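# Commentary on secondary and tertiary structure
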Amino acid sequence: YLYYKRLVDAADSIKTQKKTIEFDSKKLFEETKKLDSNDYPAAYITKANDYYEKGKFNESGFLYYLSQLRATDFNASTLGHYNKSETANMLEESSYLFLSADVANYHRILKMAVDYYEKEPYTYLVENDKSYKKQPVTEHYRELLKLLETKDPKVIAEIQNGRQEMIERINEYYEAYKSAFEK
């Protein structure tokens, strides 16, 4: 839970300062292209977690969402099956917690992942599975993008309320076990 507490504090600090986090998307895309040649979607999760541990939460979120799109492709291939790991589940929650602090940034990162997925091939599958066919972007992500595009205050409030509920659960747990964390 310290993992989540650190993330919430970072997101809230950025939100309070009313600034966006800029990052080197060119470098991120270069690194992602290298991952595209790996044989398993877990490589994206490993790199996303590396970014997370360095406090690069936008990059981490981008790779998390892309990993899920790549996993759909991988699972439709003849090369095997990818199951979500505990780290992937943690990154899903952390991506939501960080990105939902700023709905416009959340939309930007998710759209980057979807756009990258649609434009860039999963090189490993292209080269190793002759029956490979890129899968469509899941309806869940399409709906989420549409939701995040809105300027409707009710929708934004709903996203913020969902985030706040997660934060309250994290804080309750943190307070209950704070003495164990401080040792």
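We now turn to the structure provided with this report. None of the values given here were measured: they were computed from a predicted structure.

Below, the discussion takes up the overall build of the protein. Within the protein, the regular secondary structure consists of ten helices and zero strands. Put simply, the protein has 183 residues, and 42% of those count as buried.

Let's shift gears to the pattern of salt bridges. As enumerated under the stated definition, the model contains six salt bridges in all. When the shortest N-O distance is used, the salt bridge between Lys33 and Glu120 registers 2.3 Å. Here Lys33 is found in helix 2 (residues 25–36), whereas its partner Glu120 is found in the loop between helix 6 (103–119) and helix 7 (123–128), with 87 residues between them in sequence. Take Lys33: its relative accessible area is 42%, and that puts it in the partly exposed class.

All right, on to the nonpolar core then. Considering soluble globular proteins, one finds that nonpolar side chains tend to be buried as a cluster. In terms of nonpolar packing, the biggest core is built from 47 residues, with Phe62, Leu63, Tyr65 and Leu110 touching the most fellow members. Not counting chain neighbours up to four residues away, the residues in contact with Tyr65 comprise Ser95, Tyr96, Leu99, Tyr106, Leu110, Ala113 and Tyr141.

Mapped onto the elements of the fold, Ser60 is located in helix 4 (residues 57–76). Ignoring anything within four residues of it in the chain, the contact list for Ser60 reads Ala48, Tyr51, Tyr52, Leu91 and Ser95.

It is at 8 Å that the axes of helix 5 (residues 86–99) and helix 6 come closest, and there the two elements cross at 135°. What the angle tells us is that helix 5 and helix 6 run oblique. Where helix 5 abuts helix 6, its residues Tyr96, Phe98 and Leu99 lie against Val103, Asn105, Tyr106 and Ile109.

Attention shifts here to the packing of aromatic side chains. Two aromatic rings are characterised by how far apart their centres lie and by the angle between their planes. Counted by the stated rule, this structure contains twelve aromatic pairs. Ring centres of Tyr40 and Phe74 lie 5.2 Å apart, and the angle between their planes is 90°; this geometry places the pair in the edge-to-face category. Here Phe74 lies in helix 4 and Tyr40 lies in the loop between helix 2 and helix 3 (42–53), a separation of 34 residues in the sequence. With a relative accessible area of 2%, Phe74 lands in the buried category. An aromatic cluster is defined as three or more aromatic residues linked by ring pairs; in this entry it consists of Tyr64, Tyr65, Tyr96, Tyr106 and Tyr141. Geometry around Tyr51 places Lys47 over its ring, the cationic atom sitting 5.3 Å from the centre. Geometry around Tyr117 places Lys134 over its ring, the cationic atom sitting 4.4 Å from the centre.

Thresholds, definitions, all that
Residues numbered from 1 in each chain as written. Predicted model: local features only at pLDDT ≥ 70, side-chain atom pairs only at ≥ 80, totals over all residues. Heavy atoms only, no water. Helix = DSSP H or I, 4+ residues; strand = E, 2+ residues; numbered from the N terminus. Buried < 20%, exposed > 50% of the residue type's maximum accessible area, 1.4 Å probe, protein only. Salt bridge = Lys/Arg side-chain N within 4 Å of Asp/Glu carboxyl O. Core = buried A, V, L, I, M, F, W, Y, C linked by side-chain atoms within 4.5 Å. Contact = heavy atoms within 4.5 Å. Axes fitted to C-alpha atoms, helices over the stretch in contact; angles between N-to-C directions. Parallel < 35°, antiparallel > 145°, perpendicular 65-115°, else oblique. Phe/Tyr/Trp six-rings, centres within 6.5 Å; stacked < 30°, edge-to-face > 60°. Lys NZ or Arg CZ within 6 Å of the ring centre and 35° of its normal.

The values are spatial; any link to function lies outside them.
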